[in-house]
Amino acid sequence: MPATAYSYIRFSTPEQIHGGSLQRQLERSMAYVKEHGLILDDKLNMRDLGISAFRKANLERGNLGVFIKAIDSGLVKPGSYLIVESLDRLSRAEVLDALEVFLSIVRKGVIVVTLVDNRLYSRESILANYSELIVSIAVMARSHDESRHKSDRRKKSWGDAKVKAQEGKKVTRKIPFWLSLPDKNGEFQINEEGAETVRLIFDLAKMGFGYLKISQELNRRGIPSPAARTYKKKEGKEYSWGTSSVGHVLASEAVIGNFTLDNKAAQPVEIKGYYPAIIDEELFYQIKSKGPGKRGRSSPYKTNLFTRLLKCGYCGGPMQVDAGKQG
């Protein structure tokens, strides 16, 4: 019988889903499976999209951790293949932590394939040639160093941005969709079309509409969502309003002019009057005090009555809806 292959795909930021990272990793995995006569598993969720491996989030909260539990439970059999683009998809943590993750997979008889350098790591190959282990450690160390340097640069950039923002200078790259900044040294300009959409959302919320009803009304009127304004429409991708995008607008203090400069490594800094306000503060806090109300379903493919209640009997991981299986 052909061996089973599991394709693990990960990238760090949600924005990368609109680039080529997902498609590239998927296509490379499919090509490897076809070339080597393997069977690609379609049962385990092997994607951690928008999840960092620098602080082990993909291991502690993501599907890589679920996969390792599946190995430990025997659901993933020895002799199976784990296909990744490179070792940094598994971990970018400190080298000893990254090595522990790597060995926890290989020791149980699972073969790790890295597509970027066409390497194959197995228990047998490493015992036969220790240089393979040295190569893997070097790759892990380099990956961690790259992520650490990026983290250090972000911390410094955050500190510089904090000072500039407090001085009234414009530091944001990502601007709310109802605003524009034609001149980076000038002032924010209100996009009236976008601002009217925001006002409509607040008016509907004031009338008692929940997130789902608001999103349905916006879609019924053909009003473009923030994602539709940002990304070009792809085949089969509408970028319509969902409950999460409605909730984001209703929770954003940017509508009353406040800007929060946030960073995981430091305390958030709130700057009042940074943006031009388009919603009255009294209305904003009135809606906020009501809470989200009935959110409804963010998508027909996410409906699952047993969310957070059921776990896999084999690996102990949380059960998830596979949108690809919906008819």
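If you're wondering where the values come from, they're calculated on a predicted model, not measured in any experiment.

**Looking at the pattern of salt bridges**
Step number 1: The final tally for this structure, using the stated rule, is 15 salt bridges.
Step number 2: For Lys108, the salt bridge identified is with Asp72, shortest N-O distance 2.6 Å. Of this pair, Lys108 sits in the loop between α4 (95-106) and β6 (111-114) while Asp72 sits in helix α3 (residues 63-73), and the two are 36 residues apart along the sequence.
Step number 3: For Lys108, a relative accessible area of 41% gives the class partly exposed.
Step number 4: Judged by relative accessible area, which is 49%, Asp72 ranks as partly exposed.

**Comments concerning the nonpolar core**
Step number 1: By size, the foremost hydrophobic cluster in this structure holds 32 residues, and its most contacted members are Trp178, Val198, Phe202, Leu250, Val255 and Ile279.
Step number 2: Put simply, the parts of the chain that give this core at least two residues each are α7 (192-206), α8 (211-220), α10 (243-251), β10 (259-263) and α11 (281-290).
Step number 3: Among the elements that make up this core, the one with the highest residue count is α7 (seven residues).
Step number 4: Here Trp178 is in contact with Gln189, Ile190, Asn191, Gly194, Ala195, Val198, Ser252, Ala254, Val255 and Ile278, once residues within four sequence places are set aside.
Step number 5: Leu44, Leu64, Val84 and Val106 belong to the second-largest nonpolar core, a separate cluster that totals 27 residues.

**Here we look at the pairing of β6**
Step number 1: The alternating pattern of β6 places Ile111 and Val113 and Val112 and Thr114 on opposite faces, both of which are buried.
Step number 2: As judged from the four bridges shared by strand β5 (residues 81-84) and β6, these two strands associate in the parallel manner. Across the sheet, Tyr81 pairs through a bridge with Ile111, a residue of β6.
Step number 3: The sheet contact formed by β6 and strand β7 (residues 119-121) spans three bridges and is antiparallel. Counterpart to Val113 in the pairing with β7 is Leu120.
Step number 4: Here β6 folds back onto β7 in antiparallel fashion, the turn holding four residues, of which Asn118 has a positive phi close to 55°.

**Focus: the packing of aromatic side chains**
Step number 1: Under the defined criterion, the tally for this structure stands at 11 aromatic pairs.
Step number 2: Aromatic side chains Phe259 and Tyr275 sit 5.8 Å apart centroid to centroid with 75° between the ring planes, which places their arrangement in the edge-to-face category. Of this pair, Phe259 sits in strand β10 while Tyr275 sits in the loop between β11 (266-271) and α11; the two residues are 16 residues apart in sequence, bridging distant segments of the chain.
Step number 3: Given the relative accessible area of 7%, Tyr275 is considered buried.
Step number 4: Three or more aromatic residues link up through ring pairs in this structure, and these residues are Phe188, Phe259, Tyr274 and Tyr275.

The rules behind each value
- Residues numbered from 1 in each chain as written.
- Predicted model: local features only at pLDDT ≥ 70, side-chain atom pairs only at ≥ 80, totals over all residues.
- Heavy atoms only, no water.
- Salt bridge = Lys/Arg side-chain N within 4 Å of Asp/Glu carboxyl O.
- Helix = DSSP H or I, 4+ residues; strand = E, 2+ residues; numbered from the N terminus.
- Buried < 20%, exposed > 50% of the residue type's maximum accessible area, 1.4 Å probe, protein only.
- Core = buried A, V, L, I, M, F, W, Y, C linked by side-chain atoms within 4.5 Å.
- Contact = heavy atoms within 4.5 Å.
- Pairing = 2+ DSSP bridges.
- Phe/Tyr/Trp six-rings, centres within 6.5 Å; stacked < 30°, edge-to-face > 60°.

Bear in mind that shape data such as this cannot, by itself, settle questions of function.
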